[in-house]
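The chain contents come next:
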Amino acid sequence: QVQLVESGGGLVQAGGSLRLSCASSGRTFSSYTMGWFRQAPGKERDFVAAITWSGGTYYADSVKGRFTISRDNAKNTMYLQMNSLKPDDTAVYYCAFKYGAYYSTPQGYTTWGQGTQVTVSS
C-alpha cells in the first residue's frame, strides 16, 4: 500500500517560486504514474503535472514552462518546482499515485496525499 505526504506549500507573492514535495512510502511492483493535481475553492480538482515510472513528464497547458515535475528515486520523493507563480495558481495541491499509464484526470489515481495549500498574492 503506497502512502503519500505532501509538503512545501505556503504564501508567496505573484512572480515568486515554491517547491512542493511528495514523499512516498510502500513498495511499487510495476509501472506507475505519479501526479500533481490542484483544487481551488468551489472548483473541480484539475491536473497539473505527472511523471511516469520511466521518467516521462506531462503538464497542463496552464503551467507549461513555469512548473517542473521531477522525482528522486533514492529518496522516494516527487517534486513540483513552481516558478512565476500567479494568483490563479492559488489552490490546494495534491499528489497522487496510480499503477499503469498516465492519465490527466483524477479518476484512476488510487492513492492521494492530504494536500498542501498554495496561496499566491497579487
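Please refer to the structure higher up on the page.
Quick caveat: nothing in here was measured; it's all calculated off a predicted structure.

Visitor: Would you mind going over the pattern of salt bridges with me for this structure?
Guide: Two side chains bearing opposite charge may form a pair once their charged atoms approach each other closely. For the structure shown, the criterion picks out 3 salt bridges. In this structure, Arg38 and Asp89 form a salt bridge, with 2.9 Å as the shortest nitrogen-oxygen distance. Taken together, the residues span a long stretch of sequence, with Arg38 in strand β4 (residues 32–39) and Asp89 in the loop between β8 (77–82) and β9 (91–99) at a distance of 51 residues. Of the two residues, Arg38 and Asp89, both sit in the buried class. The closest approach of N and O atoms between Lys64 and Asp61, which form a salt bridge, is 3.2 Å. What makes Lys64 exposed here is its relative accessible area of 52%. You can call Asp61 exposed: its relative accessible area is 66%. Among the charged side chains, a network of salt bridges with common partners joins Arg38, Arg66 and Asp89.

Visitor: Quick question: what am I supposed to make of the environment of Thr90 here?
Guide: Following the sequence through the fold, Thr90 ends up in the loop between β8 and β9. Taking the C-alpha atoms as reference points, Thr90 and Glu6, 84 residues apart in sequence, are found 16 Å from one another. Those residues in contact with Thr90 that lie beyond four places of it in its chain are Ala40, Gln117, Val118, Thr119 and Val120.

Visitor: Looking at this model, I keep getting lost on the pairing of β9. Mind explaining?
Guide: Walk down a regular strand and you will see the side chains alternate between the two sheet faces. The element β9 is largely enclosed, with a buried count of 7 among its 9 residues. Where β4 lies against β9, 8 bridges are found, and the strand directions are antiparallel. If you follow Tyr32 over to β9, its bridge partner there is Tyr99. Two elements, β9 and strand β11 (residues 116–121), share 3 bridges in a ladder whose sense is antiparallel. Note that in β11 the partner of Tyr93 across the bridge is Thr116. For β9 and strand β10 (residues 111–112), the ladder comprises 2 bridges, and the chain directions are antiparallel. Across the sheet, Phe97 pairs through a bridge with Thr111, a residue of β10.

Visitor: Would you mind showing me how to read the side chain of Arg38 here?
Guide: By relative accessible area, which is 13% here, Arg38 ends up buried. Within the structure, Arg38 has its side chain in polar contact with the side chain of Tyr93 (distance 2.9 Å). Each residue touching Arg38, except ones within four places of it in the same chain, is listed here: Glu44, Arg45, Asp46, Val48, Ser62, Val63, Phe67, Asp88, Asp89, Ala91, Val92 and Tyr93.

Cut-offs applied
Residues numbered from 1 in each chain as written. Predicted model: local features only at pLDDT ≥ 70, side-chain atom pairs only at ≥ 80, totals over all residues. Heavy atoms only, no water. Salt bridge = Lys/Arg side-chain N within 4 Å of Asp/Glu carboxyl O. Helix = DSSP H or I, 4+ residues; strand = E, 2+ residues; numbered from the N terminus. Buried < 20%, exposed > 50% of the residue type's maximum accessible area, 1.4 Å probe, protein only. Contact = heavy atoms within 4.5 Å. Pairing = 2+ DSSP bridges. Polar contact = N/O pair within 3.5 Å; in protein donor to acceptor, adjacent residues only side chain to side chain.

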